[in-house]
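Summary of the model geometry
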2 protein chains.
Amino acid sequence: MSEQTNRRLIGELWQRMGRFDFESAGALLHDDYVCELPQSKERIRGRENFVAINQDYPGRWRTSVQRVLVNGEQAASEVVLTCDDQTVIAVSFYEIRDGKIYREVDYWPEPYAAPEWRTRWVERT
Amino acid sequence: MSEQTNRRLIGELWQRMGRFDFESAGALLHDDYVCELPQSKERIRGRENFVAINQDYPGRWRTSVQRVLVNGEQAASEVVLTCDDQTVIAVSFYEIRDGKIYREVDYWPEPYAAPEWRTRWVERT
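We now turn to the structure provided with this report.

The rules we used
Residues numbered from 1 in each chain as written. Chains lettered and ligands numbered in written order. Predicted model: local features only at pLDDT ≥ 70, side-chain atom pairs only at ≥ 80, totals over all residues. Heavy atoms only, no water. Salt bridge = Lys/Arg side-chain N within 4 Å of Asp/Glu carboxyl O. Helix = DSSP H or I, 4+ residues; strand = E, 2+ residues; numbered from the N terminus. Buried < 20%, exposed > 50% of the residue type's maximum accessible area, 1.4 Å probe, protein only. Expected span 1.5 Å × (residues − 1). Arc of directions from axis to C-beta. Contact = heavy atoms within 4.5 Å.

Remarks on the pattern of salt bridges
In this structure the tally under the stated criterion is 16 salt bridges over all chains. Put simply, Arg 45 of chain B and Glu 123 of chain A hold a salt bridge, and the shortest N to O gap is 2.6 Å. In this pair, Arg 45 of chain B is assigned in strand 2 (residues 42-45) and Glu 123 of chain A in strand 7 (residues 123-124), connecting two distinct chains. Overall, Arg 45 of chain B belongs to the partly exposed group, its relative accessible area being 42%. For Glu 12 of chain B, the salt bridge identified is with Arg 16 of chain B, shortest N-O distance 2.9 Å. Pair noted here: Glu 12 of chain B and Arg 16 of chain B are both in helix 1 (residues 3-18), with a separation of 4 residues, about one helical turn. Judged by relative accessible area, Glu 12 of chain B falls into the partly exposed class, the value being 26%. One connected set of salt bridges, linked through shared partners, spans Glu 36, Arg 43 and Arg 45 of chain A together with Glu 123 of chain B.

Topic: helix 1 (residues 3-18) of chain A
Residues and elements named next belong to chain A. The end-to-end C-alpha distance of helix 1, which contains 16 residues, comes to 23 Å, matching closely the 22 Å that a straight helix rising 1.5 Å per residue would cover. Of the positions making up helix 1, those classed as buried are Asn 6, Leu 9, Ile 10, Leu 13, Trp 14, Arg 16 and Met 17. Each buried residue of helix 1 lies within a common arc of 165° when the element is viewed along its axis, so the set occupies one face. Facing away from the buried surface of helix 1 by more than 90 degrees, the exposed residues are Gln 4 and Arg 8. The elements touched by buried residues of helix 1 are helix 2 (22-26), helix 3 (47-56), strand 3 (62-71), strand 4 (74-83), strand 5 (86-97) and strand 6 (100-107). Residue Phe 20 follows helix 1 closely and has a positive phi angle near 60°.

Take a look at the structure:
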């Protein structure tokens, strides 16, 4: 697939996620889809588990895609999710096969306190 | 610059970081380099601050680049850093200008406990 098609695929995934339309988001996944969550050492295998987890998730977030990079059959995205007054960031890497999302690695980086030792070399934002 | 050149730039950055050669890593940064650390709400502005922070960092890590994506003048990387028995992951997005790293956004996703509620839909890794 062209990079343009692959970019559209990732955009479409997040659009459908943002509509809480998880069945139709699942339709963008390859039959052999596997998603790794390295931080929690979890693996989601297959469309059905993907849909079930998202349907069961208690919150309803707003999604805002910050960027999508496409490099051949690989892609990366940075998405801000807002739910009530909570904001979380999802950073994902994808491998695309047959026009579907075949592999995914998801990171959910959480806030941490700015370390004291480097205070003099940074600005606060 | 070509995507190939930009890929080499990101690879070179991590090679020099892995040699703790921060001055020469700094030479790959644009004069107007800015790095955002959204988790800690910090911003590193300029080569000198980048070099100082890295030189002052107490640990000596081994770096292993898991992947680099290049999309025009944008790039993303996923790097595993190992220091003693600690492993951390750095996920970075870059904007390249004039063959140098102009903007960077760094995420340092930390481990979290696998949530109870989704146990039945995931495998443990």
